[in-house]
Amino acid sequence: PDEVMWLQVTICGCTKASVDTTVGGILQQIEAQLASKTGGSSVALALLVPELVAEALVENGGAKLKAFCRRCISSLRVIMEPKPLGKERLVYMCGLPEALLVALPEFNEMAYEVLHPPAVIPGAFPGGNYNLWVWLKGLDEGVGGLLLYTEKLNDLFEDLAELELVAEGPNGEVPDPQFFIDIGCHREDHRDLFRA
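Treat the numbers as computed from the prediction; the structure is a model and nothing was measured.

Considering unusual backbone geometry
Okay, so step 1: Of note, the bond from Val174 into Pro175 is cis; its omega dihedral lies within 30 degrees of zero at -15 degrees.
Okay, so step 2: Structurally, Pro175 can be placed in the loop between helix 5 (150-156) and helix 6 (177-183).

Here it is, written out as structure tokens:
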């Protein structure tokens, strides 16, 4: 049977570049330790990821997680603990080193995109439906924190009146939980502003 090597690593970094460098170092150590062994050795990693990243990976039936595994060049198994550990969730990755060489940087990139959505300049009207933009801006009293959803809302809705379609979910939730999935709203503080 395949031999599995377990590594415990803590990655801390102030910038994406420092985290990328650390991930690269981990991958080099994995390769060096497996270089002397014959083929077939799998590597298993346990990663603590922020709850926001975990939610993004499992939404829509785990579509992002499944797509992530399918893109790997060899078999990769990813298992996520069902319950969070504080504000983080444990994710296990197991596969051949070549799968992890592709998976870790891509996983890091996905996590970065969830935690650092594209910046929107508050106050600058980006185009689209002006009434939707004004409504979004007003939800947080002009701060502009919700303006990052402007483009997605413009794609989904012609005008403010169409928001009535998602005003209530099938079980009385306000708004329909599918609304948050459709616009890519993962942050609970943002969801609370939409609910108010």
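There's plenty left to go through after this.
Quick word on the nonpolar core
Okay, so step 1: With 25 residues, the main nonpolar core has Phe68, Leu76, Met93 and Phe107 as its most contacted residues.
Okay, so step 2: At the level of elements, strand 2 (42-50), helix 2 (51-71), strand 3 (76-80), strand 4 (88-95) and helix 3 (97-115) are the ones that each hand at least two residues to this core.
Okay, so step 3: Considering each element in turn, this core owes the most residues, eight residues, to helix 3.
Okay, so step 4: Excluding residues that lie within four positions of it along the chain, Met93 makes contacts with Val43, Ala44, Leu45, Leu47, Phe68, Leu76, Arg77, Val78, Leu100, Ala103, Leu104 and Phe107.
Okay, so step 5: Grouped together as the second largest cluster of nonpolar side chains are 16 residues, Leu146, Leu153, Phe157 and Leu163 included.

Things to note about the packing of aromatic side chains
Okay, so step 1: Within the structure shown, the criterion is met by seven aromatic pairs.
Okay, so step 2: Both rings, one in Tyr149 and one in Phe194, keep their centres 5.8 Å apart while their planes meet at 65 degrees; by these two values the pair is edge-to-face. Taken together, the positions of Tyr149 in the loop between helix 4 (130-139) and helix 5 and Phe194 in helix 7 (residues 188-195) put the pair 45 residues apart, joining distant regions of the chain.
Okay, so step 3: For Tyr149, a relative accessible area of 3% gives the class buried.
Okay, so step 4: Following the ring pairs from residue to residue traces out a cluster consisting of Trp135, Tyr149, Phe157, Phe179, Phe180 and Phe194.

As for helix 3
Okay, so step 1: Taking 1.5 Å of rise per residue, 19 residues should cover 27 Å, and helix 3 covers 27 Å from first to last C-alpha, within 8% of that figure.
Okay, so step 2: Along helix 3, the residues that are buried comprise Pro97, Ala99, Leu100, Ala103, Leu104, Phe107, Asn108, Met110, Ala111 and Val114.

Analysis parameters
Residues numbered from 1 in each chain as written. Predicted model: local features only at pLDDT ≥ 70, side-chain atom pairs only at ≥ 80, totals over all residues. Heavy atoms only, no water. Helix = DSSP H or I, 4+ residues; strand = E, 2+ residues; numbered from the N terminus. Core = buried A, V, L, I, M, F, W, Y, C linked by side-chain atoms within 4.5 Å. Buried < 20%, exposed > 50% of the residue type's maximum accessible area, 1.4 Å probe, protein only. Contact = heavy atoms within 4.5 Å. Phe/Tyr/Trp six-rings, centres within 6.5 Å; stacked < 30°, edge-to-face > 60°. Expected span 1.5 Å × (residues − 1).

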